[in-house]
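# Close look at the chain arrangement
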Amino acid sequence: MHVYINGSLIPESEAKISVFDHGFLYGDGVFETMRAYNGTVFMIEEHIQRLFRSASLIGLDIKRDKDSIQSALYETISNNSLKDAYIRVTVSRGAGPVGLDPELCKEPTFIIIAEEFREYPESYYDNGIKTIIAETKRNIKEAINPQIKSLNFLNNILAKIEAKKKNAYEALMLNAEGCLAEGTISNLFFVLSQNEKAVLCTPSVDCGILDGITRNIVLELAKKHGIPAKEGRFKKEDIYRASEVFITNTTMEIMPVCKVDSVSYQVGSVTKLLHEAYKENVRAYLSKSYTSSQLP
Ligand code: PDD
């Protein structure tokens, strides 16, 4: 594998950064995770836009424009002969003397890792995954805004440790007010019955969550398919009485949940319909986009 570091593609074994990089020393940086299907990076514009938003929220100048990031992404994918890929873009403040002052670092470190996409086990989609509601609360947005996709992932890692201890795959986090927020690497959806109609519920962005790109697509697809959706403030009691639960992110797409704490759920019709619609949406995107092989 070759890793893209500051403009060069370097063999994995030689791909190294300074121990003085502030991304390493202080978690000072941002990232994006993308997925390529058959050589096309899905929602590339939205991911690059969010990378710029995250960088701007921490006052980090990436020193590259959208087009050069797009070219670097495709260069990395094609250099590694990838079609279906997991892609991680990391931009850190760069190397500089120790100290928190961002001005100590003159150049950001820009890294792209692209590797063969590893499919999640089919049984996860067929049966759902186990989750818990973590004791660890989501960072409050006035401290570290969850809309910054930052290298500072300890909040999520602490929740993930709780999940692992309880043999669960994902931890769902509450915000400081006790409202449902999101998973450690995912957004959360569930179906509640209101007047005998299924309503798709998801915590609103002001609960202090990342406004996931997959989440936005799911909300659009729900609208298109006439499924009423509600973004709001929900408590854990709401999810305990839901008929279906699923989580979303770029790599998982729509992942059914079979358990939240001790409450069990079936993989229901809303989850299945939305996942099929999501896959169709990916296909439609691919048919409209160019692929790495079509690049000049
Ligand atoms: N995670 N919430 C959090 C905290 C996340 O880290 C992610 C994505 C999401 C979903 O966002 P999207 O739909 O745009 O992928 C929500 C990526 C996959 C990661 O951590 O690698």
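How each quantity is defined
Each chain carries its own residue numbering, running from 1 in the written order of its sequence. Where local features are concerned, this predicted model is filtered to residues with pLDDT of at least 70; where side-chain atom pairs are given and counted, the filter is 80 or more; whole-chain, interface and lining totals use all residues. Where side-chain values are given, they derive from all heavy atoms of the structure, hydrogens and water being excluded. Criterion for a disulfide: a pair of cysteine sulfur atoms at a distance within 2.5 Å. Type-normalised accessible area, obtained with a 1.4 Å probe on protein chains alone, sets the label of each residue: buried when under 20%, exposed when over 50%, and partly exposed for intermediate values. Exposure above 30% relative accessible area and the lack of any salt bridge qualify a residue for a patch; like charges then connect within 9 Å, and the nonpolar side chains Val, Leu, Ile, Met, Phe, Trp and Tyr within 5 Å. For the accessible areas, the method is Shrake-Rupley and the probe is 1.4 Å, while residue cover comes only from the protein chains on display. Each salt bridge in this description consists of a side-chain nitrogen of Lys or Arg and a carboxyl oxygen of Asp or Glu lying within 4 Å of one another. In DSSP terms, a helix is any run of H or I states spanning at least four residues, a strand is any run of E spanning at least two, and both are numbered starting from the N terminus. Strand pairing is assigned whenever DSSP detects at least two bridges linking the two strands. In this analysis, two residues are considered to be in contact whenever any of their non-hydrogen atoms come within 4.5 Å of each other. Every axis in this analysis is a line fitted to C-alpha atoms, fitted for helices over the stretch in contact. Angles between the N-to-C directions lie between 0 and 180 degrees. Nearness is judged by heavy atoms alone; a residue qualifies as near a molecule or strand once a single heavy atom is within 4 Å of it. We call two N or O atoms a polar contact when they sit within 3.5 Å, provided that within protein one can donate a hydrogen and the other can accept it, with sequence-adjacent residues counted only if both atoms are side-chain atoms. Polar here means any residue other than Ala, Val, Leu, Ile, Met, Phe, Trp, Tyr, Cys and Pro, which are nonpolar, and Asp, Glu, Lys and Arg, which are charged; Gly is therefore polar.

## Observations regarding the state of the cysteines
Counted according to the given criterion, the structure contains zero disulfides. Cysteine C201 is unpaired, with the sulfur of C207 as its nearest cysteine sulfur at 12 Å. With no disulfide of its own, C258 lies closest to C201 among cysteine sulfurs, the gap being 20 Å. A residue is classified by how much of its surface remains accessible, and C258, at 18% relative accessible area, is buried.

## What to know about a nonpolar patch on the surface
On the surface, I17, V19, F20, F24, L25, Y26, V98 and L100 cluster together to form a nonpolar patch covering roughly 800 Å² of accessible area. Checked against the element boundaries, L25 lands in helix α1 (residues 22–26). Here L25 falls in the partly exposed class, since its relative accessible area comes to 31%.

## A word on the pattern of salt bridges
Enumeration according to the criterion identifies 16 salt bridges in this entry. Between R50 and E32 there is a salt bridge whose closest N-O contact spans 2.8 Å. Placement of the pair is R50 in helix α2 (residues 44–57) and E32 in strand β3 (residues 29–37), with a sequence separation of 18 residues. With respect to burial, R50 and E32 carry one shared label: buried. Here R283 ties to E280 by a salt bridge, and the two come within 2.9 Å at their closest N and O atoms. Here E280 and R283 lie together in helix α8 (residues 269–288), a separation of three residues that amounts to about one turn.

## Quick look at the sheet that holds strand β5 (residues 85–92)
Spatial strand order, β2-β1-β6-β5-β3-β4: six strands in an open sheet with antiparallel pairing. Sheet topology places β2 (8–11) and β4 (40–41) at the edges, where each strand pairs with a single neighbour. Sheet analysis places β3 next to β5, joined by eight bridges and oriented antiparallel. Bridge pairing in β5 links F31 to T90. On the sheet, α2 packs against β3, β4 and β5 and is oriented at approximately 175 degrees with respect to β3.

## Describing the site of the ligand
In the neighbourhood of the ligand, 20 residues make up the surrounding shell, with T33, E182, I213, T214 and T250 lying closest. In this structure, a nitrogen atom belonging to the ligand sits 3.1 Å away from a side-chain N or O atom of K149. Alone, the ligand offers 480 Å² of accessible surface; in the complex the protein occludes 95% of this. Of all the elements in the fold, those that place two or more residues in the shell around the ligand are β3, β9 (180–183), α6 (213–224) and β13 (244–249). Of the residues that constitute the shell around the ligand, the class distribution is five nonpolar, 11 polar and four charged.

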